[in-house]
Amino acid sequence: MATLNHKERTVGFFEVVVVKEGEARRIPELMDWDGALAALAQAPVGARSHEGEHRIVGTTITHNMEDHLLLHRVKDAGEWLSVINFDTGHLRELEQSAHEGYLDTSVVCFLPFGNVVGIMQGGVSAPSHKALETWLNGIEMFPGTQLQLRPVVAHSEIEKLKTAVGASRVEVKVMGNKMGALQDRPGGLARLLRVAGEAYGEISVTMVISVPRGKELREHREHLLADLDEISDVVTGAERARARLVYSDPSGPEQTRLVELVEHSITAKKRVPATDAEGNSIRIVSAVDAILAAAAEHEDALRLAVDAGDS
């Protein structure tokens, strides 16, 4: 029985927008990605290829009755490619004929809201979101429309501090050049960050403070929230800042919610099996499943970021 091959890869989310008169504008309606992928499946290779800095080819695949896109970069004929047999050590050169090409592949899923796409690159030289943008425009998937892809950025939720009653966990990463703003702040968070900066100089500091559950620690959670609110102007400019806030529910127990306190591109790390237990390749369907799982996990943040409304 073959050994399962897993690799952690990043899922990136991007919004497709339209460029008019040199300005990128959000597309208010959902574009017909399903129809475009269905048409692509019937098109010859030449019609779904774009020649630029590299040759990029698109292929429609169907998984669980839904169409998705494979975007391939054709390796240049001058690239040296070899295959090794790990049992024998035998090395074999790969020669690329005129009518064949070796591919670096990315998997692309068009989500059913907000013209958001999820992309997973198969390797460092596989097509990026910029390659997808170039290809979409190059093959004129939507004739007469110039498209642009931009990262989906999660909004800061710093205003949530005002309605919380406490914080059970705070994680902050502050760069050294922000430490000066903490000089006159008396709270515990500011003091801890400042002491670290004074002790070690121009450094970045990552701090995680967690208060366990329990009514007897309610004051500690309130204190942590107050200290966080005191440096909220510094936190919004931090490298990373998130908090698990506590909210009071008059009809039941306290509720907690994890909030992001700085804007950031929405991405996700996913483990992607390349082969099954019998050694058969499943990397493409694994990538599709990973992208869709990441999209489901981050759907609320994605919808909010692109103003796509509730699910």
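Worth saying up front: this structure is predicted, and the values here are computed from it rather than measured.

J.: Residue-level account of the sheet that holds strand S14 (residues 240-247), with values.
T.: Spatially, 4 strands are ordered S13-S12-S14-S15 in an open sheet, and the strand pairing comes out antiparallel. Only two strands of the sheet have a single partner each, and these edge strands are strand S13 (205-210) and strand S15 (255-260). The average undirected angle you get between the axes of adjacent strands in this sheet is 10°. Pairing analysis gives 6 bridges linking S14 to S15, with the strands arranged antiparallel. Across the sheet, the residue bridging to Tyr247 is Gln255, located in S15. Of the strands in this sheet, strand S12 (166-174) and S13 touch helix H3 (residues 188-200), which is tilted by about 145° from S13. Each of S12, S13 and S14 touches helix H4 (residues 218-230); the most contacted strand, S12, lies at about 35° to it.

J.: Account for helix H6 (residues 283-297), naming residues and giving values.
T.: Side chains three or four residues apart in an α-helix point the same way, a direct result of the helix having 3.6 residues per turn. With 15 residues, H6 extends 21 Å from end C-alpha to end C-alpha; this agrees with the ideal 21 Å at 1.5 Å per step. Those residues of H6 lying buried are Ser286, Ala287, Val288, Ala290, Ile291, Ala294 and Ala295.

J.: Would you mind going over the nonpolar core in detail, with residue names and values included?
T.: Judged by nonpolar contacts, the single largest core of 31 residues is most densely connected at Val170, Leu193, Leu228, Ile231, Leu245 and Leu261. Among the elements of the structure, S12, H3, S13, H4, helix H5 (232-235) and S14 are those that each provide at least two residues to this core. Residue contacts for Leu245: discarding those within four places in its chain leaves Lys160, Leu161, Ala164, Gly166, Ala167, Leu225, Gln255, Thr256, Arg257 and Val259.

J.: Would you mind going over the pattern of salt bridges in detail, with residue names and values included?
T.: A pair can form between side chains of opposite charge whenever their charged atoms are brought close. Overall, the coordinates contain 16 salt bridges when judged by the stated rule. Notably, a salt bridge pairs Asp104 with Lys75, separated by 3.1 Å at the nearest N-O pair. One end of the pair, Asp104, is in strand S8 (residues 103-110); the other, Lys75, is in the loop between strand S5 (66-74) and strand S6 (81-84), with 29 residues separating them in the sequence. In this pair, the class of Asp104 matches that of Lys75, namely buried.

J.: Any details on the packing of H3 against H4? Residues and values, ideally.
T.: Between H3 and H4, whose axes approach to 7 Å, the crossing angle comes to 65°. Within the contact between the two elements, H3 uses Gly188, Leu189 and Ala190 and H4 uses Leu224, Asp227, Leu228 and Glu230. Considered class by class, the residues forming the contact of H3 with H4 number 4 nonpolar, 1 polar and 2 charged.

The rules behind these values
Residues numbered from 1 in each chain as written. Predicted model: local features only at pLDDT ≥ 70, side-chain atom pairs only at ≥ 80, totals over all residues. Heavy atoms only, no water. Pairing = 2+ DSSP bridges. Helix = DSSP H or I, 4+ residues; strand = E, 2+ residues; numbered from the N terminus. Axes fitted to C-alpha atoms, helices over the stretch in contact; angles between N-to-C directions. Contact = heavy atoms within 4.5 Å. Expected span 1.5 Å × (residues − 1). Buried < 20%, exposed > 50% of the residue type's maximum accessible area, 1.4 Å probe, protein only. Core = buried A, V, L, I, M, F, W, Y, C linked by side-chain atoms within 4.5 Å. Salt bridge = Lys/Arg side-chain N within 4 Å of Asp/Glu carboxyl O. Nonpolar A, V, L, I, M, F, W, Y, C, P; charged D, E, K, R; others polar.

Treat this as a map of the structure, not an account of what it does.
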